[in-house]
Every structure is written in structure tokens, then in C-alpha cells.
Amino acid sequence: MMIRLKGIASYLLCFVTAALATPLPVVMWHGLGDSYDSDGMQRVAALIKDIYPGIFVHSVYLHSDSSKDSNASLMGKVDDQIALVCDQLASIPELAHGFDGLGFSQGGLFLRGYVERCNAPKVHKLLTFGSPHNGVADFPPCSKRDIVCRRRNAFLKSQAYSQYAQGSITVAQYYRNPDQYDEYLEKSGFLADVNNERALKNATYVENLASLEELVLYLFTEDETVVPKESAWLAEVDIEMGVVTPLEDRKMYTEDWLGLKVLEDSGRLHFRTIEGRHMRITDETITEVARKYLGTEALHPTEEESTERHEQRKDAGHGNSYAGNILQKAFVALAGQATM
């Protein structure tokens, strides 16, 4: 009789567990100049749904109008945008028990900012593709004969740390020139904070990022858009000398400013490559990535755990394609501000 009761109890436990376990939703954040409902973003969502029927996929938006969402990816204060997304994701019932995140180009950097600053609902796995985690030190190269492009890039770099640029142009807010490091630390509107590079470290950032089940960083082997491309792996690069200092040799890692060493030591930090140019991702690659990292199941948290996550969200503080036409808009905006 006791054996039979144990069998029934085991059966009921399995039944309840199966009822509570659901595939984790996926949240995506698009890149610069793209929009939440673009053909490319819809294609990625469709591929994931084909692999995992019924899975919930949400594409982050800064404006429900597609063109305005695209413009917001170029012009806006990143701190405010992440705060908006924190509220947006917290309001979606399907995400209440957490999700896996896919960040494309700058969207990957911003999703990491979400993890560090909010993380409620919780991100279980974060995958980023060609994301400028260590910022950009230059803009996409110009041909030798394109004098206009060269002048434009020089002007953008000269104005990148201006108050206007750091408060309104997204690219400028993760512009990081090692030759101007002191100025960067002083004036950076976003990246210096989210990378915990200033003297006063934010312990919440470390705790939140280290809580990820997996952090997967994809680098495009022929990337000429994110300069240097190794920024996708949080490496430091001397562009003039061509010397690359990998993450594990940087103070950021050895002193663990972000919890990356914790992730690496426990086998949860992964460096991956995709052959080709920036954001040239095939359906086959998306499918391979989705099958490898997405679709995992998670038990719904208890009421106590849900309350704890809600309090974490409430108490969490906020720290202080680069196509030619996109750069042209930034140039016009800066030029207009400079002449005012």
C-alpha cells in the first residue's frame, strides 16, 4: 500500500511539474536604424516559432510606429530608453516568469543594460550578435576617395563627447576612444556606467549579470560596422597598432567589475563567431542558435519568489546597420547643434 501511494505521489508530482513547466519566452531588441517589426525581426521571430510552436516572442519597441521606432534607435537618451523597456517588459504577463534575450548589434548592449539595471522579469540567457559591448572607437571606414565621408566621421568624433551628443545620439553614448579615456569616463552618458568603469562600482550590476544562466557573445568575423569588431567580445583594441587585449587580460575581468569572471569560471560565458559581415545572419544560423540555446523550460516561481523579483525591480537603481544615411542623420543633428 505504501509503495502504491508513493507511486501515485510521484505521478502527481510529475504531472504538476509538467503543468508548471513552459518554454521560456524570447525577447528581442533590434539594432541601429532597424525597427521592432521590420522584415528581418519578423523573420527571426517566425523561425523561432517554427522550432518551438506556441512560444511567446516579443520584439522590444521604443515607439509603436515603425518609422518612429527606427528613429528612436538613432536619436534618444539611452538611459531613458532602457527605463522605458524595463516598464514595458514588466507589464507583459507572458514574461512574468522570465525570458531569454536576443540582442542584435546595439540592441544586445542595451539588453545587457536591462539585465544590469532591472532584470525583472529576469533574463535567463542573453545572446548578443555583433554588439558594441566595449563601445566603438571609430565609425565605419571610408574609401580613400570619399572625402565627404572622412570629414563627416572626423566631425562626429570631435563632437561625440559634447553634452548634446551624449544626451541624444545613441551611437555617441557608447563611443569609447581609448586615446580619450579620461574624457570618456567623465562625459560618457551611458557606456562608462553600464560597464562599471568609474571608480564607484555598482554592485547590483555585478549581481544581476552574474545571475545569467548563460551569456553568449557572437562576433562577426568580417565586421566593419562595429569598430573594432572585438568589442563584441569586450576586448580592448589599439586600432593604430592593431593590438588586441582580450577580456581575460583586462582589469574589467580580473577585478570582476561586471561579474563576467564569475560567469566564465562557472562555464556560463561563451564566445562565438559568425562568418561574414555585420548582421549578415542566415536562417540556418538563427535556427542553429535557437535549437542550441532557446526553448528551455522553467518552473513558475512561487508567490514568494515572484514578490522578491517585484521588489528587486522596484528597488533597482539606474546608473548615471550603421548605414551611411544613418550616420548622415547624426552628422546633420550635430552640425545643427554646433551652429545654434
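These numbers come from a predicted model, not from an experiment. (Residues numbered from 1 in each chain as written. Predicted model: local features only at pLDDT ≥ 70, side-chain atom pairs only at ≥ 80, totals over all residues. Heavy atoms only, no water.)

Enquirer: Even after reading the chapter, I still don't get the overall build of the protein chain, so can you show me in this structure?
Expert: The secondary structure content of the protein chain amounts to 15 helices and ten strands. Here the protein chain holds 340 residues, and the buried ones make up 51% of them. When the accessible surface of the protein chain is split by element, carbon and sulfur atoms take 54% of a total near 16300 Å². (Helix = DSSP H or I, 4+ residues; strand = E, 2+ residues; numbered from the N terminus. Buried < 20%, exposed > 50% of the residue type's maximum accessible area, 1.4 Å probe, protein only. Areas by Shrake-Rupley, 256 points an atom, 1.4 Å probe, with all protein chains shown as cover.)

Enquirer: Any chance you could explain the state of the cysteines here in plain terms?
Expert: Here a disulfide denotes a covalent bond joining the sulfur atom of one cysteine to the sulfur atom of another. As enumerated under the stated definition, the model contains one disulfide in all. A sulfur-sulfur separation of 1.6 Å characterises the disulfide bridge that pairs Cys-86 with Cys-118. Residues Cys-86 and Cys-118 are joined by a disulfide whose S-S torsion is about 75°; by sign, that bridge is right-handed. In this pair, Cys-86 is assigned in helix H4 (residues 78–90) and Cys-118 in the loop between helix H5 (106–117) and strand S5 (123–129), connecting sequence segments 32 residues apart. For Cys-118, a relative accessible area of 0% gives the class buried. (Disulfide = S-S within 2.5 Å.)

Enquirer: Sorry, what's going on with the packing of H5 against helix H10 (residues 203–210) here?
Expert: Two numbers describe a pair of packed helices, the interaxial angle and the distance between the axes. Closest axis-to-axis distance for the H5/H10 pair is 7 Å, and the angle between their directions is 110°. Taken together, the axes of H5 and H10 are roughly perpendicular relative to one another. Packed against H5, whose contacting residues are Arg-112, Val-115, Glu-116 and Arg-117, the element H10 presents Thr-204, Tyr-205, Asn-208 and Leu-209 at the interface. For the contact of H5 with H10, the residue count by class is three nonpolar, two polar and three charged. (Axes fitted to C-alpha atoms, helices over the stretch in contact; angles between N-to-C directions. Parallel < 35°, antiparallel > 145°, perpendicular 65-115°, else oblique. Contact = heavy atoms within 4.5 Å. Nonpolar A, V, L, I, M, F, W, Y, C, P; charged D, E, K, R; others polar.)

Enquirer: Could you clarify how one ought to interpret H5 in this entry?
Expert: The terminal C-alpha atoms of H5 lie 17 Å apart, and with twelve residues this matches the ideal 16 Å at 1.5 Å per residue to within 8%. Of all twelve residues making up H5, twelve are buried, and the element is well covered by its neighbours. Listed in full, the buried residues belonging to H5 are Gln-106, Gly-107, Gly-108, Leu-109, Phe-110, Leu-111, Arg-112, Gly-113, Tyr-114, Val-115, Glu-116 and Arg-117. Contacts made by the buried residues of H5 are with strand S2 (26–29), H4, strand S4 (99–104), S5, helix H9 (191–194) and H10. The first or second residue beyond H5 is Asn-119, which carries a positive phi of 60°. (Expected span 1.5 Å × (residues − 1).)

Enquirer: Honestly, helix H6 (residues 147–159) in this entry has me stumped. Any pointers?
Expert: At 3.6 residues per turn, the α-helix brings residues three or four places apart onto the same side. Here H6 spans 18 Å end to end across 13 residues, near enough to the 18 Å set by a 1.5 Å rise per residue. Of the positions making up H6, those classed as buried are Cys-149, Arg-152, Asn-153 and Leu-156. Down the axis, H6 shows its buried residues gathered within 95° of arc, on one side only. Exposed residues on H6 whose side chains face more than 90 degrees from its buried face are Ile-147, Arg-151 and Ser-158. (Arc of directions from axis to C-beta.)

Enquirer: Sorry, what's going on with the side chain of Glu-116 here?
Expert: Note that Glu-116 resides in helix H5. Using a relative accessible area of 0% as the deciding quantity, one classes Glu-116 as buried.

Enquirer: What am I meant to see in the sheet that holds strand S3 (residues 57–59) here?
Expert: Picture the strands of a sheet paired through backbone hydrogen bonds; they go either parallel or antiparallel. On the basis of which strands lie adjacent, the open sheet formed by six strands has the order S3-S2-S4-S5-S6-S9 and parallel pairing. Each edge of the open sheet carries a strand with a single partner, namely S3 and strand S9 (269–274). Direction aside, neighbouring strands of the sheet carry axes that sit 15° apart on average. Pairing of S2 with S3 involves three bridges; the strand directions are parallel. (Pairing = 2+ DSSP bridges.)

Enquirer: Help me out: how do you make sense of the nonpolar core in this one?
Expert: For soluble globular proteins, the rule of thumb is that nonpolar side chains tend to be buried together. Counting 50 residues, the largest nonpolar core has Trp-29, Leu-89, Tyr-114, Leu-212, Leu-215 and Leu-260 as the members making the most contacts within it. Broken down by secondary-structure element, the contributors of at least two residues to this core are S2, H4, H5, S5, H9, strand S6 (214–220), helix H11 (251–254) and helix H12 (260–265). Ignoring anything within four residues of it in the chain, the contact list for Leu-212 reads Val-115, Lys-122, Val-123, His-124, Leu-126, Leu-263 and Arg-268. Core analysis: the second largest hydrophobic core is formed by 25 residues, Met-28, Phe-129, Ile-281 and Ala-290 among them. (Core = buried A, V, L, I, M, F, W, Y, C linked by side-chain atoms within 4.5 Å.)

Enquirer: It is not clear to me how the pattern of salt bridges should be interpreted in this structure. Could you clarify?
Expert: If the charged atoms of two oppositely charged side chains come close together, the side chains can form a pair. Under the definition given, this model contains eleven salt bridges. Two residues, Asp-79 and Arg-117, come together in a salt bridge whose shortest N-O distance is 2.7 Å. Within this pair, whereas Asp-79 is found in helix H4, its partner Arg-117 is found in helix H5, the two being separated by 38 residues in sequence. Summarising the burial analysis for this pair, Asp-79 and Arg-117 share the class buried. Notably, a salt bridge pairs Glu-214 with Lys-125, separated by 3.4 Å at the nearest N-O pair. (Salt bridge = Lys/Arg side-chain N within 4 Å of Asp/Glu carboxyl O.)

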